[in-house]
Amino acid sequence: MAATMVKDGNLDYSEDEEENFSDDGDWGDWKADDSGVGGGEEEEDDDDSESDFLCLFCDSHFVSCDLLFEHCSLRHGFDFHRIRNEMKLDFYSSFKLINYIRSQVAENKCWSWKIEADDFNDVKFPWDEEKYLKPVWQEDSLLYSFADDEEDEEDTFDREEVMEDLRKLGDLCIDVEALGETSMSNNDKCNINGNKDVTLLSDCNGLKQSSADDLIVNGKDAEPKVCDGRLVNRNIKKVNENYFGSYSSFGIHKEMLNDKVRTEAYRDALLKNPTLLSGSVVMDVGCGTGILSLFAAKAGASRVVAVEASEKMAKVASKQIAKDNKVFNDNEHNGVLEVAHSMVEELDKSIQIQAHSVDVLVSEWMGYCLLYESMLSSVLYARDRWLKPGGAILPDTATMFVAGFGKGATSLPFWEDVYGFDMSSIGKEILEDTARLPIVDVIEERDLVTQPALLQTFDLSTMKPDEVDFTATATLKPTESEAKTRLCHGVVLWFDTGFTNRFCKENPTVLSTSPYTPPTHWAQTVLTFQEPISVAPASLLSGDDRRGAIGTKECPASSIHLRMSVARAHEHRSIDISLEATGLSSNGQKRRWPVQIFNL
């Protein structure tokens, strides 16, 4: 189930993003004082005066991380690099520290502090909570730049499972009405593991207090990205309205119905397993046109509850279609299909149905990269609320795969020869842009340069709702059939869903969105590396004593180790994907590239 598709060569930018972009890196009329800090009325009046990095404690802004951290050390007594080293904070702990400070400053809490502890190994710091992996400001450049100087260093630590960091990312709630009020007194103490204290010392001397009225992000006035619970709920409601409203377009449903791989997999699972469906009570979550409910009714279900949150689809399509096909059930019709206009979480308000009374729960919930749209959470809610113990959920498994792709999957070949002219500079610029956002496109098998690897599996019958967020590793090995060095420009993700013989005993089936099978409307999700990695089969490299940086033409990697996290994003129904790549040479040497974070 997916509503839109972004193609490689058609990247849209807002006017603000276009203003931020500079081909030659010229800062134009940017004004600064001797310390490199932008300030003064002239700057506020100059629309072109933009700088990327906002101070952690005041509204000063800078053109580099180094200047920002130097300012924080001299003006606010906060030495970021020293704290990282002394506390041995890894990338993610440092990421959380920055967000923690941002959130505290927004509440006028914890302007600066010192930590009293003899040994930091077992200390649980105040910023160790998972919520601080969520940016307080959506466009906080500091979060993606503070570790740039580390990319050539050896990875001397094993990072904590990002699963622990990204799971259960609840909305960060800071009461807007409380901004400007100091709610933490001096020497407030947090008990650490029962025997160690982290002492927070308020120190506001010489600081200009920030408020919701004077926040500046990237040199521009901006609303804070934190809000109270009421605003969070309003935002979720608005996102839901837009999301369900998008499915009121019949064109989207035509596209999904025309997807034969999708529709026929569900059809076969419902019509070719009579012992499962005959006489069963079936619930269809997110029924849309009602096609799955119609299959269930045709298969002999005794009752079909079709749940649809889009008002237009529930009223115009599903009910009328059910009537037209003589399966609708209400006071005037004796069919088996009931349509409930409701989110499944609020179904009790729309229809009478007993808890744990459903025999078969079916839903086409999958989005791009499997988890986009966050509909799986609703399916799991319905499972736990209405499915009988031992009842069937269709599909009952979902599996994510990953593989590396080459030049042919990018737009580079097109731009290298446009009616005999070389326009490759455009292709390279597009490729740089795609390293910042995921692309949904159809990738052909011939354009893969590595073998596929399993990334994550889900058992929909038993998984817990918080397992939707996960961290996993995979190792990509170059295809042996191509005994040559090739460039891997990034990774492509896809999924399979299974209607296994656990429930579909007569006719198990698989719905695959793989590049090795006919394309579907989901296509594949493409994540582009910031720089391509040269790879070659280990058999081609064995015995060679190659010199040079791993992943270059001089020293290709024999495999790429990936560490990926997928988690529900701050924006409701979106997902964040983090990608770490490490190249391994044939003699065991490693090279690690900086973490990339994508939002879908």
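In this text the structure is predicted, and so the values were computed from the model without any measurement.

## Thoughts on helix α15 (residues 424-434)
In an α-helix there are 3.6 residues to a turn, and that puts residues three or four apart on one side.
Argument step 1. Burial in α15 covers these residues: Ser424, Gly427, Ile430, Leu431, Asp433 and Thr434.
Argument step 2. Along its buried surface, α15 packs onto α14 (412-416), β15 (439-441), β18 (486-499), β20 (524-535) and β24 (596-599).

## Let's talk about the side chain of asparagine 99
Argument step 1. With respect to the element layout, asparagine 99 can be found in helix α5 (residues 91-106).
Argument step 2. Ignoring anything within four residues of it in the chain, the contact list for asparagine 99 reads Tyr132, Leu133, Lys134, Pro135, Val136 and Leu143.

## Digging into the environment of isoleucine 252
Argument step 1. With respect to the secondary-structure elements, isoleucine 252 resides in helix α8 (residues 250-258).
Argument step 2. A C-alpha to C-alpha distance of 10.0 Å links isoleucine 252 and glycine 288, two positions 36 residues apart in sequence.

## Examining α5
Argument step 1. The end-to-end C-alpha distance of α5 is 23 Å, a good match for the 22 Å that 16 residues give at a rise of 1.5 Å each.
Argument step 2. By the N-cap criterion, in which a side-chain oxygen at the helix start approaches the backbone nitrogen of a residue two or three places on, α5 is capped by aspartate 90, the distance to tyrosine 92 being 3.2 Å.

## Section: the packing of helix α4 (residues 80-87) against α5
Argument step 1. Viewed as axis vectors pointing N to C, α4 and α5 meet at an angle of 135°, and their least axial separation amounts to 11 Å. Between α4 and α5, the interaxial angle falls into the category oblique. You can see that α4 and α5 cross each other, and the crossing is right-handed. When α4 is examined against α5, the residues Phe80, Ile83 and Arg84 are found in contact with a partner set consisting of Phe91, Ser94, Leu97 and Ile98.
Argument step 2. Here the contact of α4 with α5 is built from residues that sort into five nonpolar, one polar and one charged.

## Here's the deal with the environment of valine 468
Argument step 1. With respect to the secondary-structure elements, valine 468 resides in the loop between β16 (453-459) and β17 (470-476).
Argument step 2. In this structure, the C-alpha to C-alpha distance between valine 468 and valine 566, residues 98 residues apart in sequence, is 8.2 Å.

## What to know about the pairing of strand β12 (residues 358-362)
Argument step 1. Of all five residues in β12, four are buried; the element is thus mostly enclosed.
Argument step 2. For strand β7 (residues 281-285) and β12, the ladder comprises three bridges, and the chain directions are parallel. Bridging from a neighbouring strand, valine 282 pairs with valine 360 of β12.
Argument step 3. Sheet analysis places β12 next to strand β13 (residues 387-394), joined by four bridges and oriented parallel. Note on β13: the bridge partner recorded for valine 362 is leucine 394.

Rules of the game
- Residues numbered from 1 in each chain as written.
- Predicted model: local features only at pLDDT ≥ 70, side-chain atom pairs only at ≥ 80, totals over all residues.
- Heavy atoms only, no water.
- Buried < 20%, exposed > 50% of the residue type's maximum accessible area, 1.4 Å probe, protein only.
- Helix = DSSP H or I, 4+ residues; strand = E, 2+ residues; numbered from the N terminus.
- Contact = heavy atoms within 4.5 Å.
- Expected span 1.5 Å × (residues − 1).
- Polar contact = N/O pair within 3.5 Å; in protein donor to acceptor, adjacent residues only side chain to side chain.
- Axes fitted to C-alpha atoms, helices over the stretch in contact; angles between N-to-C directions.
- Parallel < 35°, antiparallel > 145°, perpendicular 65-115°, else oblique.
- Left-handed = near helix turned anticlockwise from the far one by under 90°.
- Nonpolar A, V, L, I, M, F, W, Y, C, P; charged D, E, K, R; others polar.
- Pairing = 2+ DSSP bridges.

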